[in-house]
Amino acid sequence: MQHLIYTAILFTWTDYKTILIPVTAFACATGPIHSVSKLLQSIAWIWIHLLLCNVSNQAGSEAEDKINHPWRPLPSGMITKSQARQLRMGTVITCLLWSWFYGLDLVAITAALIATTWMYDEAGLSNTALGKNFCNIGGYVSLELGATKLMGKTLQLDTVSITAALLSGALIFTTIQAQDFPDVEGDAASGRITFPIYAPEFSRVFTLFATVMWSIGLGWYWASGTVVWEAFTILGLYVGFRYYKWRTPDRDRRSYLIFNVWLVCAHLLPLHARLNVPPA
Ligand SMILES: *[C@@H]1O[C@H](CO)[C@@H](O)[C@H](O)[C@H]1NC(C)=O
């Protein structure tokens, strides 16, 4: 059992900062968070679904992981390939039951996530930059919608929540390459064509442009107030500038960490709309 829990934690290790924390923050701000019990239920739901995606992902990316992430359960030999496949089946069933406990809406979200994950890993969409991107957004937005449902007072989603999740999807769609810069070597070795590999110069210019424009646009849309807006824009500018200026794997890893701080901030902005909404 301990081994299983440890293995599960390692499967999801890379994505605490990229998925679990940002999605939780988003749901807290957007739901908005109703109680500690809701918070825990929401986090548990996100985590088990993250595990589903990641077991599935890593069952097929051993070659790349040997180079970029040798400590992961499969390349390090903690778990065999056939055990990973069993675990994958186990997570699919667990997630469906878990959501079923809350109602069919959530089952539909889980099904959407399973479908995107399948397209990503089995139908080969992860091998093209665009396909990879589409699946990632599908996954991310599904997690956000599910987490927000569980976080708020009721399971219903209103316009603010849905708009916030769609904007988040668009934001991820245009900035997800941030995660590919540090992995260029391993990706190239496994024949993956990511945006940074396809267009080394343009992808960095584009990232700078995107982080700045999103900072300005989101601060304006959510009417976050001048101080927050400026601080958020400066952070966005800094991250974009790092990616543009410093191009070694070490620097890129650090930039990606800061990018995630910026991403969490971006996902907290809807809170402003919540604070202005009079209680129903
Ligand atoms: C884990 O799953 C998420 C959601 O689909 C994905 O974005 C992320 O890249 C995955 N990470 C790993 C390490 O498999």
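Structural data are supplied above this passage.
Predicted, not measured: the structure shown is a model, and the values here were computed from it.

Trainee: Looking at this model, I keep getting lost on the site of the ligand. Mind explaining?
Mentor: Near the ligand you find Asp-15, Ile-19, Leu-50, Cys-53, Asn-54, Asn-57, Gln-58, Arg-72 and Asn-136, and these make up its full shell. Asn-54 places a polar side-chain atom, nitrogen or oxygen, 2.2 Å from an oxygen atom of the ligand. Note that an oxygen atom of the ligand is positioned 3.0 Å from one of the side-chain N or O atoms of Asn-136. For the ligand, the accessible surface in isolation is 360 Å², of which the surrounding protein chains cover 86%.

Trainee: Looking at this model, I keep getting lost on the side chain of His-49. Mind explaining?
Mentor: Its place among the elements puts His-49 in helix α3 (residues 36-59). Owing to a relative accessible area of 0%, His-49 belongs among the buried residues under this scheme. Residue contacts for His-49: discarding those within four places in its chain leaves Cys-95, Ser-99, Thr-110, Leu-113 and Leu-143.

Trainee: Before we go on, may I ask you to explain unusual backbone geometry in this structure?
Mentor: With the exception of glycine, most residues fall at negative phi, and the peptide bonds are largely trans. That bond from Gly-31 to Pro-32 is cis: its omega, -20°, falls within 30 degrees of zero. Here Ala-223, not a glycine, exhibits a phi torsion of approximately 45°, which is positive. Following the sequence through the fold, Ala-223 ends up in the loop between α11 (200-221) and α12 (226-245).

Cut-offs and rules
- Residues numbered from 1 in each chain as written.
- Predicted model: local features only at pLDDT ≥ 70, side-chain atom pairs only at ≥ 80, totals over all residues.
- Heavy atoms only, no water.
- Near = heavy atom within 4 Å.
- Polar contact = N/O pair within 3.5 Å; in protein donor to acceptor, adjacent residues only side chain to side chain.
- Areas by Shrake-Rupley, 256 points an atom, 1.4 Å probe, with all protein chains shown as cover.
- Helix = DSSP H or I, 4+ residues; strand = E, 2+ residues; numbered from the N terminus.
- Buried < 20%, exposed > 50% of the residue type's maximum accessible area, 1.4 Å probe, protein only.
- Contact = heavy atoms within 4.5 Å.

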